[in-house]
Amino acid sequence: MTRWNTSHIPDQTGRSAVVTGANSGIGYITARELARRGARVVLACRSASRGKAALDRLRTEVPTAEVEFRPLDLADLTSVRDFAATLDDLTGDRLDLLVNNAGVMALPYRTTADGFEMQFGTNHLGHFALTGLLLPRLLATPGARVVSVSSMLHALADLDYDDLNSERSYGRWIAYGRSKSANLLFVHELARRLAAAGSPLVAAASHPGYAATNLQTAGARMEGRNAAERVIELGNRLIAQPAEGGALGTLCAATAPHMRPDSFVGPRNGLRGAPAQSFRAPWTKKDTNGERLWAASEQLTGVHYDFGGDFDGEVGGDFSVSSTSD
């Protein structure tokens, strides 16, 4: 079979997409390739200066692109609510694609504007709230999808449901792994609830393998750990694939026909290469875990999902991309 790449992205003309963290790395590549295929894309970024710079860069690289920037700080639920409320003039009452891409990695302990541990609050709770607030638009749009970007490092740790905010103990990499497990468990539970509601909205997940972005060095840079930052940068140069390769899993999950709900798509060998279905830890597929995280997330964010009434259409399909080695 032909290995899946950006040439396989179907025409996106007439479709609208929101990509969080779209100012750089995998988020920027995802937004650019969707726009290249005709989608109208909203770049949702925390930094206004970096978001506007990404907007200018994308319009230069894709002169025909329909793209807009809107500020979004996932570490502040007020910002999340404000962002959702401003989309009417861009997408109206429909939304074809939400890519929950933004994230932070291995930071020193700190909290969000709402008092949540930063990695759990940004990587999971912010996206949980955003998806819930945009859910009516997604449900109203035939063929819509939600794609959440996780990581193979989710396998570092299951969630500690008695200490979701790491108040008792904190390890930066364990907290990161837990936040990425939360991403996968969120997709699993969202897919399960959509199926129960009879909705054809597809919730899927992706991961970039080992991709060279600025995400890996952020924690070391914040603490002034120069030696660690240099080691990470060396690893990025010698081992990692470029952001273009890392974005393939997300683009595949977002656009490949017949994507199964609750799929987890990334490089076949885990680090780099063409997308295929990926390994995921068993705790990210347990219904009881999903219910527990969902209840906690609704309580913490104050966002409650409304799946509406009956929906037409079928949930599911066959996921068919190459599983051959690179």
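Conventions and cut-offs
Residues numbered from 1 in each chain as written. Predicted model: local features only at pLDDT ≥ 70, side-chain atom pairs only at ≥ 80, totals over all residues. Heavy atoms only, no water. Helix = DSSP H or I, 4+ residues; strand = E, 2+ residues; numbered from the N terminus. Buried < 20%, exposed > 50% of the residue type's maximum accessible area, 1.4 Å probe, protein only. Contact = heavy atoms within 4.5 Å. Areas by Shrake-Rupley, 256 points an atom, 1.4 Å probe, with all protein chains shown as cover. Phe/Tyr/Trp six-rings, centres within 6.5 Å; stacked < 30°, edge-to-face > 60°. Pairing = 2+ DSSP bridges.

**Details of the overall build of the chain**
Step number 1: Of the regular secondary structure elements, the chain holds 11 helices and eight strands.
Step number 2: The burial tally for the chain puts 55% of its 326 residues in the buried class.
Step number 3: Of the contacts made within the chain by residues no fewer than 6 positions apart, 78% connect residues no fewer than 24 positions apart.
Step number 4: If you sum the accessible surface of the chain, you get close to 13500 Å²; carbon and sulfur atoms cover 49% of it.

**Remarks on the packing of aromatic side chains**
Step number 1: Overall, the coordinates contain nine aromatic pairs when judged by the stated rule.
Step number 2: Between Phe186 and Trp294, the aromatic rings sit 5.9 Å apart at their centres with planes inclined by 20°, giving stacked as the arrangement. Placement of the pair is Phe186 in helix H6 (residues 172–197) and Trp294 in helix H11 (residues 287–301), with a sequence separation of 108 residues.
Step number 3: Judged by relative accessible area, Phe186 falls into the buried class, the value being 4%.

**Re the pairing of strand E1 (residues 16–20)**
Step number 1: Among the five residues in E1, five count as buried, and that is most of the element.
Step number 2: The alternating pattern of E1 places Ser16, Val18 and Thr20 on one face and Ala17 and Val19 on the opposite face, and all of these are buried.
Step number 3: Looking at chain direction, E1 and strand E2 (residues 40–45) are connected through five bridges and run parallel. Paired with Ser16 across the bridge in E2 is Arg40.

**Quick word on the environment of Leu156**
Step number 1: On the secondary structure map, Leu156 appears in the loop between strand E5 (145–149) and H6.
Step number 2: For the pair Leu156 and Ser181, spaced 25 residues apart in sequence, the C-alpha to C-alpha distance is 8.7 Å.
Step number 3: With residues near it in sequence (within four places) discarded, Leu156 still touches Trp173, Ile174 and Gly177.

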